Amino acid sequence: MLNPKDLSLLEKRGITEKEINAQVARFKKGFEPLKLANAATVGNGIVSIDDSRIDELITSYESAEVSVLKFVPASGAASRMFKNLFALLDLDDQDYLENDTTKQFFNGISNFAFCDDLEDAFNTRYEESFEESVKKKDKKIISSLLLDGGLAYGSLPKGLLKFHRYEDHLRTPAHEHISEGLAYATKAGNVNIHFTVSPDHQRKFENHIEKLLSSLQLDAHINITYSTQKTSTDTIAVDVGNNVFRDDEGNLLFRPAGHGALLENLGQLDADIVFIKNIDNVVPDRIKFETIKYKKVLAGILLIYQSRAFELLRSVERGEKIKDEGIVLLREMGMDGLLSEEQIIDKLNRPIRVCGMVKNEGEPGGGPFWVNSDKNLTLQIVESAQVDTNDSDQESIFVKSTHFNPVDLVCGLKDYKGNPFDLLKFRDDDTGFITEKSYQGRKLKAMELPGLWNGSMADWNTIFVEVPLITFNPVKTVMDLLKENHQ
């Protein structure tokens, strides 16, 4: 299947022939759907925090002497955010002018934080009046926003786009994440924030953040670090017959394996507590209060459960039996079933994640479910692609989900002795995705690794906590920036 040129390429990428063979075998076999037992709901897998406990949990976190890091996956380009605008450029004039996206974009154009930059970019390229071109809904406005020669927003990462307008400055998502980090991730006068970025954009991030930090007068010391998705985590593409896909020059084609590939990046970070949040889920300072409060609440819950697990594990070292207490604690941390004392000890000594869950109001995203796993039930974040919706029983369970995960996690990555866990040992390799794509007009199949907060954390101890919907304000399309919470 592989020739000497292929093997040389694999060596450069840090991928073995055995791994390629395993991936091709997986394409042929596919991934078995998860078996849902029931939807996790408030009182049955999702914890609702009483207001009387809020201050206690926040104090628990704020007083803890732990190292903290904020982890922000920021690798992706913003091309999907502008998908509808790109589509407008291919329409004929009549369809373009009558399109709802055209009307919405130009009606709200002055409310975008990037509007002044867009006007400058337009005026640099064209002699027409920007104001008159906006009135005419000129396509050149859109091309000036998206393409090279203008702002090139269509190829930049989301983290570097102008999202929010303040009285005296504009902010990118990277800026907003730093603002958030200062509010809830400061420990001993230090704030540690880690961005995962693409190699093509890392220097742009560094320049942007260096300039930003030099302009801010801060009491805390901010330490910004970066990593990139490793080429060794890329997966091979295959054709529709499950043979390795080759381009016109006969070279193997690899594709990034989704955010699950960032598990290695996460595992190399040195911190007791890690906050995880997507790059585009940010809001202006005026409504950050609830976000900041509940980040601290989730961290306080993590520390309480971590302390309980650690104490039981220390009891084992003293020769004490912990079966009854261990079963109760594991049930609270997302595992329900009949376990031996040895199994209980093993399951307690795992990474812990506390995941915020918001009420589902139609947004796409992974939902919380109890899943059948090795004769036990475990709490998992499940995507629709992981469920056999042709099975009426599974479909009926899936649609009963009341909440979904907005990628709002607080994680404990060290064991009770302070040693970091090997996170790859707690990943379920049977929970990846296979999708259909194309390359230069040719169909292919691509594979994603188990998602970072799905299968990559499948064997973690898990607590789901209901958080207010106001803490979830993603920008999936450029039109989301026109919503009230982003103005």
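Here's a quick rundown of the structure. For clarity, every value in this text was computed on a predicted model and none was experimentally measured.

Thresholds, definitions, all that
Residues numbered from 1 in each chain as written. Predicted model: local features only at pLDDT ≥ 70, side-chain atom pairs only at ≥ 80, totals over all residues. Heavy atoms only, no water. Disulfide = S-S within 2.5 Å. Buried < 20%, exposed > 50% of the residue type's maximum accessible area, 1.4 Å probe, protein only. Helix = DSSP H or I, 4+ residues; strand = E, 2+ residues; numbered from the N terminus. Contact = heavy atoms within 4.5 Å. Axes fitted to C-alpha atoms, helices over the stretch in contact; angles between N-to-C directions. Parallel < 35°, antiparallel > 145°, perpendicular 65-115°, else oblique. Nonpolar A, V, L, I, M, F, W, Y, C, P; charged D, E, K, R; others polar. Salt bridge = Lys/Arg side-chain N within 4 Å of Asp/Glu carboxyl O. Pairing = 2+ DSSP bridges. Polar contact = N/O pair within 3.5 Å; in protein donor to acceptor, adjacent residues only side chain to side chain. Patch = residues over 30% accessible without salt bridge, like charges linked within 9 Å, V, L, I, M, F, W, Y side chains within 5 Å. Areas by Shrake-Rupley, 256 points an atom, 1.4 Å probe, with all protein chains shown as cover. Lys, Arg positive; Asp, Glu negative; His and termini not counted. Charge placed at Lys NZ, Arg CZ, Asp CG, Glu CD. Arc of directions from axis to C-beta. Core = buried A, V, L, I, M, F, W, Y, C linked by side-chain atoms within 4.5 Å. Phe/Tyr/Trp six-rings, centres within 6.5 Å; stacked < 30°, edge-to-face > 60°. Lys NZ or Arg CZ within 6 Å of the ring centre and 35° of its normal.

### Some thoughts on the state of the cysteines
When the sulfur atoms of two cysteines share a covalent bond, that bond is a disulfide.
Item 1. Tallied over the entire structure, the rule returns zero disulfides.
Item 2. Left without a disulfide partner, Cys411 is nearest to the cysteine sulfur of Cys355, which lies 6.9 Å away.
Item 3. Among the residues examined, Cys411 registers a relative accessible area of 0% and is labelled buried.

### A look at the environment of Glu317
Item 1. Here Glu317 shows up in helix H13 (residues 289-317).
Item 2. Residue Glu317 is classed as exposed on the basis of its relative accessible area, which comes to 51%.
Item 3. When residues no more than four places from it in sequence are discounted, the contact partners of Glu317 are Tyr416 and Lys417.

### Observations regarding the packing of helix H7 (residues 115-125) against helix H9 (residues 139-146)
Item 1. Where H7 meets H9, the axes come as close as 9 Å, and the angle between the chain directions of the two elements is 110°. Taken together, the axes of H7 and H9 lie roughly perpendicular to each other. Two secondary-structure elements touch here, H7 through Leu118, Ala121, Phe122 and Arg125 and H9 through Lys140, Ile141, Ser143, Ser144 and Leu145.
Item 2. The class makeup of the residues in the contact of H7 with H9 is five nonpolar, two polar and two charged.

### Comments concerning the pattern of salt bridges
Item 1. Evaluation of the coordinates by the stated rule reveals 34 salt bridges.
Item 2. Across the pair Glu128 and Lys140 runs a salt bridge whose closest N-O atoms are separated by 3.2 Å. Here Glu128 is found in the loop between H7 and helix H8 (130-135), whereas its partner Lys140 is found in helix H9, with twelve residues between them in sequence.
Item 3. Relative accessible area serves as the criterion here: at 34%, Glu128 is assigned to the partly exposed category.
Item 4. By relative accessible area, which is 23% here, Lys140 ends up partly exposed.
Item 5. Across the pair Asp270 and Lys414 runs a salt bridge whose closest N-O atoms are separated by 2.9 Å. Taken together, the residues span a long stretch of sequence, with Asp270 in the loop between helix H12 (263-267) and strand S12 (273-277) and Lys414 in the loop between strand S18 (408-412) and strand S19 (433-439) at a distance of 144 residues.
Item 6. In the salt-bridge network here, residues are joined through shared partners; they are Arg171, Glu176, Asp285 and Lys288.

### Let's talk about the environment of Leu469
Item 1. Along the chain, Leu469 turns up in the segment after strand S21 (461-466).
Item 2. The class for Leu469 is partly exposed, based on a relative accessible area of 35%.
Item 3. Each C-alpha atom of the pair Leu469 and Arg350 lies 29 Å from the other, and the pair is 119 residues apart in sequence.
Item 4. When residues no more than four places from it in sequence are discounted, the contact partners of Leu469 are Val358, Lys359 and Glu361.

### Observations concerning the sheet that holds strand S16 (residues 376-382)
Item 1. Ordered by their spatial adjacency, four strands build an open sheet running S1-S15-S16-S13, and the pairing between neighbours is antiparallel. The sheet terminates laterally at strand S1 (36-39) and strand S13 (335-336), the two strands that pair on one side only.
Item 2. Sheet topology note: the S1/strand S15 (residues 367-373) ladder contains three bridges and is antiparallel. Looking across to S15, one finds that Ala39 is bridged to Phe369.

### Points about the side chain of Asp415
Item 1. Relative to the helices and strands, Asp415 is located in the loop between S18 and S19.
Item 2. One polar contact links the side chain of Asp415 to the main-chain amide nitrogen of Lys417, over a distance of 2.9 Å.
Item 3. If we skip the residues at most four places from it in the chain, Asp415 touches Phe310, Asn349 and Phe421.

### Some remarks on a negative patch on the surface
Item 1. Judged by side-chain charge, Asp92, Asp93, Asp95 and Glu98 come together as a negatively charged surface patch.
Item 2. Tracing the chain through its elements places Asp95 in helix H5 (residues 93-98).

### What about the pairing of S16?
Item 1. Counting buried positions along S16 gives six out of seven residues, so the element sits mostly inside the fold.
Item 2. Pairing of S13 with S16 involves two bridges; the strand directions are antiparallel. In the sheet register, Met335 faces S16, and the bridge partner there is Thr378.
Item 3. As defined by bridge partners, S15 adjoins S16 across seven bridges and the pair is classed as antiparallel. Bridging across to S16, Trp370 finds its partner in Leu379.

### Side note on the pairing of S21
Two faces belong to every sheet, and in a regular strand the side chains alternate between them.
Item 1. Within S21, six of the six residues are buried, which leaves the element mostly enclosed by the surrounding structure.
Item 2. Alternating residues of S21 divide into Asn461, Ile463 and Val465 and Thr462, Phe464 and Glu466, and every residue in both groups is buried.
Item 3. Relative to S21, strand S3 (residues 45-47) runs parallel, the two being bridged by two bridges. From the neighbouring strand, Ile46 faces S21, where its bridge partner is Phe464.

### Brief notes about helix H6 (residues 100-107)
Item 1. Of all the positions in H6, only Thr101, Thr102, Phe105 and Phe106 are classed as buried. What you see down the axis of H6 is that its buried residues fit within an arc of 120°, all on one side. Looking at H6, the residues exposed on the side facing more than 90 degrees away from the buried face are Asp100 and Asn107.
Item 2. For H6, the side-chain oxygen to backbone nitrogen distance between the N-cap and Thr101 is 2.8 Å, and the N-cap itself is Asn99.

### Overview of the environment of Phe122
Item 1. For Phe122, the location among the structural elements is in helix H7.
Item 2. Separated by 22 residues in sequence, Phe122 and Ser144 place their C-alpha atoms 5.7 Å apart.
Item 3. Beyond its immediate sequence surroundings of up to four residues, Phe122 is in contact with Glu128, Ser129, Phe130, Ser133, Lys140, Ile141 and Ser144.

### Quick look at the nonpolar core
Item 1. Among the nonpolar cores identified, the biggest contains 43 residues, and Ile273, Phe275, Val297, Ile301, Met333, Leu348 and Ile463 are the most heavily contacted of them.
Item 2. At 13 residues, the largest contribution of residues to this core is made by H13.

### A closer look at the packing of aromatic side chains
Item 1. Taken as a whole, this structure holds 15 aromatic pairs when the rule is applied.
Item 2. Measuring from centroid to centroid gives 5.9 Å for Phe195 and Phe205, while their planes differ by 35°, and the two rings are tilted. Residue Phe195 is located in strand S8 (residues 190-196), and its partner Phe205 is located in helix H11 (residues 202-215); the two are separated by ten residues in the primary sequence.
Item 3. The exposure class of Phe205 is buried, given its relative accessible area of 0%.
Item 4. Judged by centre distance (5.6 Å) and plane angle (85°), the ring pair of Phe421 and Phe426 falls under edge-to-face.
Item 5. Among the residues examined, Phe421 registers a relative accessible area of 11% and is labelled buried.
Item 6. An aromatic cluster is defined as three or more aromatic residues linked by ring pairs; in this entry it consists of Phe82, Phe105, Phe106, Phe112, Phe114 and Tyr153.
Item 7. The ring centre of Tyr166 lies 4.0 Å from the NZ or CZ of Arg171, which sits over that ring.
Item 8. The lysine or arginine in question, Lys187, covers the ring of Tyr61, its NZ or CZ lying 4.5 Å from the ring centre.

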